[in-house]
Each structure stands twice: as structure tokens, then as C-alpha cells.
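Survey of secondary and tertiary structure
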Amino acid sequence: MTAFADLHHEDEPLLLPNAWDHASARALGGQGFRAIATTSLGVAAVAGLPDGVAATREETLRLAFALGSEPFQLSVDAEGGFSDDPDEVAEFARELYAVGAVGINLEDGLGPVARHAAKIAAVKEAAPTLFVNARTDTHWLGDGDTTDTLTRLDAYRQAGADGVFVPGLTDLRRIAALVHHLDVPLNVLYSPGGPPVAHLADVGVRRISLGSLLYRRALGAALEAVADIRAGRPPKGATPSYDEVALPPTR
């Protein structure tokens with residue numbers, strides 16, 4: 001088991017913040033997080049590209065290259081792998097692993113189960129120690145059907161997924177039932193209106209992702225700050241110094 005996989009089996013669930021660029025990842029690493037993921041929405045928005053349509057392959061790989069040598073464990077949100085061809089997804093995973101990523105998040109977007117399972121199997125063959133977090137969108141894009149959710153998760157597990165991710169699921173009883181059914185770590189998406197981290201831990205969730213929340217909060221804070229300045233008020237909230245954000249010059 002890898003060090004990143006080990007983080008899914010500690011006393012407390014892995015709280016995984018999602019960065020959108022080098023500065024946000026370094027700031028989060030400075031807060032002591034041992035693992036950091038990327039957010040596809042943040043990466044796409046920063047690049048001026050749409051999310052979820054396989055438009056950010058190169059931007060995602062570029063960010064992974066920048067972050068792969070940092071002291072934290074890096075997991076990359078790769079949408080659906082940026083291709084419907086399992087071999088092409090496997091090649092992308094191999095590139096991520098080569099630059100230092102230890103995990104990949106692959107979402108099914110409610111596409112065919114067999115196709116997503118084939119992507120997972122191809123990735124595990126290409127990079128056996130890369131932690132594959134297989135996401136199903138039954139609660140994110142679909143109607144939350146329990147049978148469909150279980151069918152998809154079972155197929156992804158059989159294909160070699162190391163963990164599974166069900167964003168949009170916030171009902172604690174249904175989360176607990178999934179934990180009981182699964183033999184791999186369950187990842188859920190934190191929601192400000194959903195269960196707190198302690199309650200998710202109590203029912204056995206092993207990984208809690210923040211998704212695009214931090215990126216969207218950062219944008220919200222910027223808008224609040226400029227509104228305060230426009231109104232003649234000093235902006236509220238924490239503001240990192242120039243030196244805390246700037247990288248030292250290379251020699």
C-alpha cells in the first residue's frame with residue numbers, strides 16, 4: 001500500500017482540499033495538509049475553458065508537473081480522463097505518475113459503465129501504484145438511484161479502483177449503507193449545507209473532498225473585498241502578504 005493509500009485508513013478520514021493553481025496548492029500545503037488534490041472547475045476557469053468537456057488535458061498536466069515535486073501527496077482531478085479511449089486515458093495517467101502524482105480521480109459522467117470500468121482497468125495496468133478514485137455521478141448528474149449507484153461502484157471496484165467517490169450524496173443513512181456495502185474507501189464531497197466532517201467520519205467515510213468550494217470561496221472573497229473598497233470600507237478577512245505568495249527567484 002502506498003503512502004497516499006495509507007491516508008485513507010487512518011483514525012480520521014482524509015480531508016482533501018482542492019487547489020486550482022500553484023499558489024493555492026502551496027498555501028494549502030503550508031497549512032499542514034499532507035495530501036492535496038486539484039479541482040477541474042478551478043483549473044478550467046483559470047484557463048478560460050469550460051469544465052467537464054475534456055478541454056483541459058494540457059492545463060491539468062502542466063499543473064501536475066508544477067506540483068508533483070512539492071512535499072505533499074498530489075491527486076489529480078482528470079474529469080473522465082480527457083478521452084473515451086481507455087488507452088489514451090491510461091497514457092494520461094502514466095504521464096501524471098511520471099511527474100509525481102500519486103492519485104487520479106476519474107468520473108463516469110453517467111456514461112456507459114463498461115467504458116468507465118475499461119478506463120480504470122487500463123490505468124491500473126499502466127500505473128499500478130496510482131490510486132484510482134472512481135467517481136460515479138448518479139447523485140451529481142442523475143437521480144440518485146441506489147441500484148444504479150451500486151451497480152456502477154461494484155463494476156469500478158472489480159475493474160481495480162482503489163476508492164470510490166459519490167459526489168452529491170449527503171444523506172447520512174445512505175452514506176452509511178454504502179460504507180457497509182463497500183470494501184474500498186468511500187469518498188464524499190463536503191457540502192456546507194450537508195453533514196459536518198465529524199458526522200461523516202462517524203458513519204465510516206474515509207475521504208472528504210472539498211471540490212471547487214475553495215476556489216469559489218476565493219472568488220467570493222475577492223468580490224466582497226472590492227465591494228468593501230468601493231464603499232470606502234477596509235476589506236475584511238485574512239490577506240496573505242506579498243512575500244507569503246511570491247516565489248523566491250531562481251538561481
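Residues numbered from 1 in each chain as written. Predicted model: local features only at pLDDT ≥ 70, side-chain atom pairs only at ≥ 80, totals over all residues. Heavy atoms only, no water.

Looking at an unreviewed UniProt entry, one finds the protein chain named 2-methylisocitrate lyase-like PEP mutase family enzyme and attributed to Streptomyces violarus.

Moving on to the environment of Ala246. For Ala246, the location among the structural elements is in the segment after helix 11 (242-245). A residue is classified by how much of its surface remains accessible, and Ala246, at 28% relative accessible area, is partly exposed. Spatially, the C-alpha atoms of Ala246 and Ala23 are 8.3 Å apart, while their sequence positions differ by 223 residues. (Helix = DSSP H or I, 4+ residues; strand = E, 2+ residues; numbered from the N terminus. Buried < 20%, exposed > 50% of the residue type's maximum accessible area, 1.4 Å probe, protein only.)

Next up on the list: the packing of helix 6 (residues 113-126) against helix 7 (residues 146-158). Helix 7 packs onto helix 6 with a crossing angle of 30° between their chain directions and a minimal axis gap of 8 Å. Overall, the two elements helix 6 and helix 7 adopt an arrangement that is roughly parallel. Crossing angle aside, the handedness with which helix 6 passes helix 7 is right-handed. Contacts from Val113, His116, Ala117 and Ile120 in helix 6 reach Arg152, Ala155 and Tyr156 in helix 7. (Axes fitted to C-alpha atoms, helices over the stretch in contact; angles between N-to-C directions. Parallel < 35°, antiparallel > 145°, perpendicular 65-115°, else oblique. Left-handed = near helix turned anticlockwise from the far one by under 90°. Contact = heavy atoms within 4.5 Å.)

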